[in-house]
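# Topology and contacts: notes
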Amino acid sequence: MKKMNEVPEKEKESRDNENRVTVRVQRIKKSHIKQKLIFFSVLAACLVILAIFSDHLCPYDPYAQDLSSALQAPSFQHPMGTDTYGRDMLSRVISGARASIFSTFILVAAISIFGTIVGLCCGYFGGILDSVMMRISDVCLAFPGLVFAMAIAAILGGGIQNAILALAVISWPKYSRIARSQTLALKNEPYIHAVILAGDSSVQILVRHVLPNMIGPVLVTAMLDIGTMMMELAGLSFLGLGAQIPMAEWGSMMSSGRSMIQTYPWVVLSPGIAIFVSVVIFNLLGDTVRDYLDPKNGRLQ
């Protein structure tokens, strides 16, 4: 009898040890994700600060021309060289951060807010509104995104505002689909029926009870979209459908120097590296936010 009792006790002790190891591993993983989140958040904040104070951080006037210094190679005086008109490339890259980063933020904020509102209303109310808006989103999703945006931008004409509008037209359906699916799943939950019986209006239910419980996937999608939208805005500017010369914007700067890629590569590489670094930072930040909000990781205290 004594030996038979010892076996279950050993099994129980083994399970307890395994549980403690699992909890320890989860805590280490969560701590690692939190450290990554802080690190990439700091890097992203540095880019935003650079964009905000770009006028004060530029070593030279980004629009001042000096033909005697045209197309100088990178040096101590001009770390990124100069362009065709003798303008300092480092100053233009720093100045271009404002247009490139803030335009992307405006675009992502607009499509995420509009798409979420549309998805909430369609998922909760259904009916004709749902049918019409989802068919419109089907039309937007049926075309290759950047090609459709190029067509819209060409119709509207050049300019950074028209490029933002063109990308917004083709990008909001993604958010409406996410918000709609989340709303459809949540509106049949018992607590929603309880607040309906309590007399809350539809707006109160959507704002207080549905939106807070489905904002996670929308937030993660928006974070991951920053890098994509930044490249697409730069792509439209590169094709002459976005920011126009002489505006300091990374895509248009690459476009103006593309014919000199073999002879004076720094004219193209300087804004190209800025786009690359910014997109990598925001993509890594988005991936980390997704991991942090993933319920599988468990928010252990």
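Our structure is the block above this text.
Everything quoted here is computed from the prediction, not taken from an experiment. (Residues numbered from 1 in each chain as written. Predicted model: local features only at pLDDT ≥ 70, side-chain atom pairs only at ≥ 80, totals over all residues. Heavy atoms only, no water.)

### A short note on the overall build of the protein chain
- Counting its regular elements, the protein chain contains ten helices and zero strands.
- Ordered by position from N to C terminus, the α and β elements of the protein chain give α-α-α-α-α-α-α-α-α-α.
- Within the protein chain, the fraction of its 301 residues that count as buried is 39%.
- Partitioning the contacts of the protein chain with sequence separation of at least 6, the portion at a separation of at least 24 is 72%.
- Within the structure as shown, the protein chain displays about 16,500 Å² of accessible surface, and the carbon and sulfur contribution to it stands at 66%. (Helix = DSSP H or I, 4+ residues; strand = E, 2+ residues; numbered from the N terminus. Buried < 20%, exposed > 50% of the residue type's maximum accessible area, 1.4 Å probe, protein only. Contact = heavy atoms within 4.5 Å. Areas by Shrake-Rupley, 256 points an atom, 1.4 Å probe, with all protein chains shown as cover.)

### Thoughts on the packing of aromatic side chains
- One pass over the full model with this rule turns up six aromatic pairs.
- Residues F114 and W172 carry aromatic rings whose centres are separated by 5.4 Å and whose planes lie at 80° to one another, so their mutual orientation is edge-to-face. Taken together, the residues F114 in helix 3 (residues 89-125) and W172 in helix 6 (residues 160-186) connect sequence positions 58 residues apart.
- Residues Y264 and W266 carry aromatic rings whose centres are separated by 5.6 Å and whose planes lie at 75° to one another, so their mutual orientation is edge-to-face.
- For Y264, a relative accessible area of 30% puts it in the partly exposed group.
- Owing to a relative accessible area of 14%, W266 belongs among the buried residues under this scheme.
- In this structure, R258 is placed above the aromatic ring of F238, and the distance from its NZ or CZ to the ring centre is 5.8 Å. (Phe/Tyr/Trp six-rings, centres within 6.5 Å; stacked < 30°, edge-to-face > 60°. Lys NZ or Arg CZ within 6 Å of the ring centre and 35° of its normal.)

### Concerning the nonpolar core
- L107, V210 and W250 are the most contacted members of the largest nonpolar core, which has 60 residues in total.
- With 14 residues, helix 8 (residues 202-238) is the largest single contributor of residues to this core. (Core = buried A, V, L, I, M, F, W, Y, C linked by side-chain atoms within 4.5 Å.)

### Quick look at helix 9 (residues 250-257)
- Among the eight residues that make up helix 9, six are buried, leaving the element largely enclosed by the rest of the structure.
- Taken as a whole, helix 9 has its buried residues at W250, G251, S252, M253, S255 and G257.
- Those residues of helix 9 that are buried lie in contact with helix 3, helix 8 and helix 10 (266-293).
- Two to three positions downstream of the cap, the backbone nitrogen of G251 sits 2.8 Å from a side-chain oxygen, assigning the N-cap of helix 9 to E249. (Polar contact = N/O pair within 3.5 Å; in protein donor to acceptor, adjacent residues only side chain to side chain.)

### Here's the deal with the pattern of salt bridges
- By the definition in use, this model includes nine salt bridges.
- Put simply, D138 and R135 hold a salt bridge, and the shortest N to O gap is 2.9 Å. Of the two residues, D138 and R135 are both situated in helix 4 (residues 127-142); the distance of three residues between them amounts to about one turn of the helix.
- The salt bridge involving R290 is made with D291; its shortest N-O contact spans 3.8 Å.
- Where salt bridges share partners, they join D83, R87 and R92 into one cluster. (Salt bridge = Lys/Arg side-chain N within 4 Å of Asp/Glu carboxyl O.)

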